[in-house]
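# Survey of secondary and tertiary structure
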Amino acid sequence: MSIRRTTVKAALAGEGAGDIRVMGWVRTRRDAKGFSFLEINDGSCLTNLQVIVEEGTPGGELLKELGTGASVAVAGELVASPGKGQRFEVRAKELALLGQADPETYPLQKKRHSDEFLRTIAHLRPRTNKYGAMLRLRSALSQAIHAYFAANGFAWVHTPIITGSDCEGAGEMFRVTALTDAEAALPAAARAEKDFFGKDAFLTVSGQLTAEPLALALGKVYTFGPTFRAEHSDTSRHAAEFWMVEPEMAFADLEDNMDLAEDLLKSLVRTAMVDCAEDFGLFAKYVDPTLTETLSTFLAEPFVRLPYREAVSILAAAKKDFAYPVGPGLDLQSEHERYLAEEHFRRPVIVYDYPRAIKAFYMRQNDDGETVGAMDVLVPGIGEVVGGSAREERLDVLEARIRELRLPLEAYWWYLETRRFGTVPHAGFGLGFERLLMLVTGIGNIRDVMPFARTWRHLEF
RNA sequence: UCCCCGGUAGCUCAAUUGGCAGAGCGGGUGGCUGUUAACCACUAGGUUGGCGGUUCGAGUCCGUCCCGGGGAGCCA
């Protein structure tokens, strides 16, 4: 047996005119004398399907149970609507109540709720217009990422989530263990010995180090998966678990890297605005009225490409009181990045060739001896959405750098062998998927672009 | 972790100098012949985040803890 139903999306498109069956959740009921209007949503699209229930319809006695939040099955005829506001509607022939939602206690009302309140009911908020739209957009962009890379000759590789390397070079890590409490209390060396892998294990903070050997075999690869950072960052832009897109290209340099980042970002913004126009429209109308203009600018103009050295000059000359100092060798602070993208250029800026002292060991050293081939894409309102670099492909230079930073050379033996045998120039970056979603939706808090966010001190649901 | 702001009805918020705790929405009941987050009338709903203090009297002042939001650091 199977449930045959027409989705609201298909019904609204007029597919299968005639007798259909739809199932969904009641968003609102409006009663008139002798009949009622039910608005049904089944998550297939933003718009609700209007159902007309005449008095005397079989199951019509259930109407009083069919308030906001209840689930219902409607059999009826899909007809052109005589009213304004919708092309099609369903004239019910039979109603069935699937699940009640007590109006006294159902938390969602027909009106708008605050994001803060909806976060406390993350299991129900996907039934709201805004979070439904966000989740459909999240899905569409995930698929667009795979489509983009497929169309451009990249292989999708699955880098591990559990790693034995505690120095992937991007922040604090979560430990993964199968130890009992008693075993965990042993001294470090004995404890590690006892553990599942016979050594310490962690959740990955980046797929990059394992993606590189794959790029150095397949040419162009990307990973797209969850990453984990045990940092006590308590901000609207950080989560402990988030998704990252990480392309890695052999036979590529920093400029190729920038080209890819810009093209990928523009392609995804276009997907959101064009292919997801209905859901995007909700954000452009209610969440951020400047969104359409902002993203149109984003698409229309090339990103600014600015060497770090010039960024410092611009900031030094800015008529602006920064809380943090600006100067050669100092990292750019949030306020500086925002000034560049939001005030000075008013569009995305790629800052590149950063001082080597403030960047990771694997980034390619420039000939000046002072900078590395790193790049950050800064966008107005969000800050950094992409961070990447050309990778150091010269064995001697890479080894010297690892020694200089006092990192454990032996732990990188396999990474170094990719340089020892048939090394080639290569480059890649990480794109924060949630930050991309913040960019295309205008949603200001990362907790609201994930279904169930994991952040510092928050693990409900 | 640091700085700032906040916590009052299910939700969003008012409450004068410390002086009777209110509104809109949502809910309930009734009405309305096609509504569009409908409309009209009536109605129920409160340990003012917790604990302690000052005071004749505390939503309001003080202390402390909890929770939420914004910003910073770090990063994607």
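Being a predicted model, the structure only gives us computed values, none of them experimental.

## Details of the packing of aromatic side chains
Within this structure, the stated rule accounts for 17 aromatic pairs. Consider the rings of Tyr 148 and Phe 149, whose centres lie 5.5 Å apart with planes at 85°: the pair is edge-to-face. Each member of the pair Tyr 148 and Phe 149 is classed as buried. Relative to Trp 243, the ring of Phe 224 has its centre 5.4 Å away and its plane inclined at 80°; by these criteria the two rings are edge-to-face. Of this pair, Phe 224 sits in strand E10 (residues 220-228) while Trp 243 sits in strand E11 (residues 241-250), placing them 19 residues apart in sequence. One cation-aromatic arrangement involves Arg 419 over Tyr 415; the distance from NZ or CZ to the ring centre is 4.2 Å.

## A short note on the packing of helix H7 (residues 254-275) against helix H9 (residues 291-300)
Where H7 meets H9, the closest approach of the two axes is 10 Å, and the angle between their N-to-C directions is 145°. You can see that H7 and H9 cross each other, and the crossing is left-handed. The residues of H9 that touch H7, namely those facing Leu 265, Lys 266, Val 269, Arg 270 and Met 273, are Thr 292, Leu 295, Ser 296, Phe 298 and Leu 299. For the contact of H7 with H9, the per-class residue count stands at six nonpolar, two polar and two charged.

## Some points on the nonpolar core
Leu 265, Met 375, Val 377, Val 386, Leu 431 and Leu 436 are the most contacted members of the largest nonpolar core, which totals 67 residues. Examining the composition of this core, we find that ten residues originate from one element, H7, more than from any other. Val 304, Tyr 339, Leu 340 and Tyr 354 belong to the second largest nonpolar core, which has 30 residues in total.

## Some remarks on helix H10 (residues 308-317)
Along H10, the positions that sit buried rather than exposed are Tyr 308, Ala 311, Val 312, Ile 314 and Leu 315. For H10, the angular spread of buried residues about the axis comes to 160°, placing them on one side. Those residues of H10 that are exposed and angled more than 90 degrees off the buried face are Arg 309, Ala 316 and Ala 317. Of the surrounding secondary structure, the elements contacted by the buried residues of H10 are strand E12 (304-307), helix H11 (334-344) and strand E13 (349-355).

## Description of a nonpolar patch on the surface
Taken together, the side chains of Ile 161, Ile 162, Phe 196 and Phe 197 make up a nonpolar region of the molecular surface, amounting to roughly 420 Å² of accessible area. Mapping Ile 162 onto the fold places it in strand E7 (residues 162-163).

## Some thoughts on the environment of Arg 138
Here Arg 138 is to be found in helix H3 (residues 129-151). On the basis of relative accessible area, Arg 138 is assigned to the buried category, the value being 11%. A sequence separation of 303 residues divides Arg 138 from Thr 441, and the C-alpha atoms of the two residues are 9.9 Å apart. From its side chain, Arg 138 meets the backbone oxygen of Val 449 in a polar contact 2.8 Å long.

Here is what the cut-offs are and how they apply
- Residues numbered from 1 in each chain as written.
- Chains lettered and ligands numbered in written order.
- Predicted model: local features only at pLDDT ≥ 70, side-chain atom pairs only at ≥ 80, totals over all residues.
- Heavy atoms only, no water.
- Phe/Tyr/Trp six-rings, centres within 6.5 Å; stacked < 30°, edge-to-face > 60°.
- Buried < 20%, exposed > 50% of the residue type's maximum accessible area, 1.4 Å probe, protein only.
- Helix = DSSP H or I, 4+ residues; strand = E, 2+ residues; numbered from the N terminus.
- Lys NZ or Arg CZ within 6 Å of the ring centre and 35° of its normal.
- Axes fitted to C-alpha atoms, helices over the stretch in contact; angles between N-to-C directions.
- Left-handed = near helix turned anticlockwise from the far one by under 90°.
- Contact = heavy atoms within 4.5 Å.
- Nonpolar A, V, L, I, M, F, W, Y, C, P; charged D, E, K, R; others polar.
- Core = buried A, V, L, I, M, F, W, Y, C linked by side-chain atoms within 4.5 Å.
- Arc of directions from axis to C-beta.
- Patch = residues over 30% accessible without salt bridge, like charges linked within 9 Å, V, L, I, M, F, W, Y side chains within 5 Å.
- Areas by Shrake-Rupley, 256 points an atom, 1.4 Å probe, with all protein chains shown as cover.
- Salt bridge = Lys/Arg side-chain N within 4 Å of Asp/Glu carboxyl O.
- Polar contact = N/O pair within 3.5 Å; in protein donor to acceptor, adjacent residues only side chain to side chain.

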